[in-house]
Amino acid sequence: RDASDAELRISASILVFSGFKLTYLIELLVYYRLVGLVHVYLFGIGPRSLHEASANPKVQELVKEAFATLVETSLPGCEIMKTYKTYYVIVEQTFYNVALYHAKSFGDDLLWISDFDELLVPVVKSSIPDALNELLHQEPLLEARFNNVCFVTLCPVVTYG
């Protein structure tokens, strides 16, 4: 794919643990739609982790519009998974691979992978796809090799208020 021929298609894969705030989840989904992502895969870890979200009318609307996919798991040991790092990593990587497979099946260029509390925010007034496209144009080597890019590491900026 020529990086300059169209807007990048970017989706997100996000892990959600039990105990999240539903209002934040809705704001997160609406934010990602506003900044140009094409789909968000939410993977709930633990019993009933996405039960409340799946019953919410706004979340149901986003699922119906094919913007969001909710996958809830109650695998044995999920409630103690944070204690056992190896188990957590296996489940986490499985979810991310499922999302990557689906994202690539639908023609997405990139999959943003994050935890529930991590946001991708452009530092300029533009959509995330436009900001990344601009970055590609500034880096000729990356733009020339875009078809062969497996992942892009983004530098997180942490702000303390």
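Coordinates for the structure precede this section.
Each value, and the rule that gives it
Residues numbered from 1 in each chain as written. Predicted model: local features only at pLDDT ≥ 70, side-chain atom pairs only at ≥ 80, totals over all residues. Heavy atoms only, no water. Helix = DSSP H or I, 4+ residues; strand = E, 2+ residues; numbered from the N terminus. Contact = heavy atoms within 4.5 Å. Areas by Shrake-Rupley, 256 points an atom, 1.4 Å probe, with all protein chains shown as cover. Pairing = 2+ DSSP bridges. Axes fitted to C-alpha atoms, helices over the stretch in contact; angles between N-to-C directions.

## Some words on the overall build of the protein chain
Working step 1: Across its full length, the protein chain carries six helices and four strands.
Working step 2: Written out in order from the N terminus, the α and β elements of the protein chain read β-α-β-α-α-β-α-β-α-α.
Working step 3: The long-range share in the protein chain, meaning contacts at least 24 apart out of those at least 6 apart in sequence, stands at 77%.
Working step 4: Accessible area for the protein chain stands at about 9900 Å²; split by element, carbon and sulfur atoms hold 59% of it.

## Observations regarding the side chain of serine 114
Working step 1: Of note, serine 114 is situated in strand β4 (residues 110-115).
Working step 2: Beyond its immediate stretch of four places on either side in the chain, serine 114 contacts Ser13, Ile14, Leu15 and Tyr96.

## Some words on the sheet that holds strand β1 (residues 10-17)
Working step 1: Reading across the sheet, the four strands line up as β3-β2-β1-β4 and stay open at both edges, with parallel pairing between neighbours. Each edge of the open sheet carries a strand with a single partner, namely β3 (68-73) and β4. This sheet shows a mean twist of 15° between the axes of neighbouring strands, independent of strand direction.
Working step 2: For β1 and strand β2 (residues 39-45), the ladder comprises seven bridges, and the chain directions are parallel. Within β2, the residue paired with serine 11 across the bridge is histidine 39.
Working step 3: Against the sheet, helix α1 (residues 22-34) contacts β1, β2, β3 and β4, and its axis sits at roughly 155° relative to β2.

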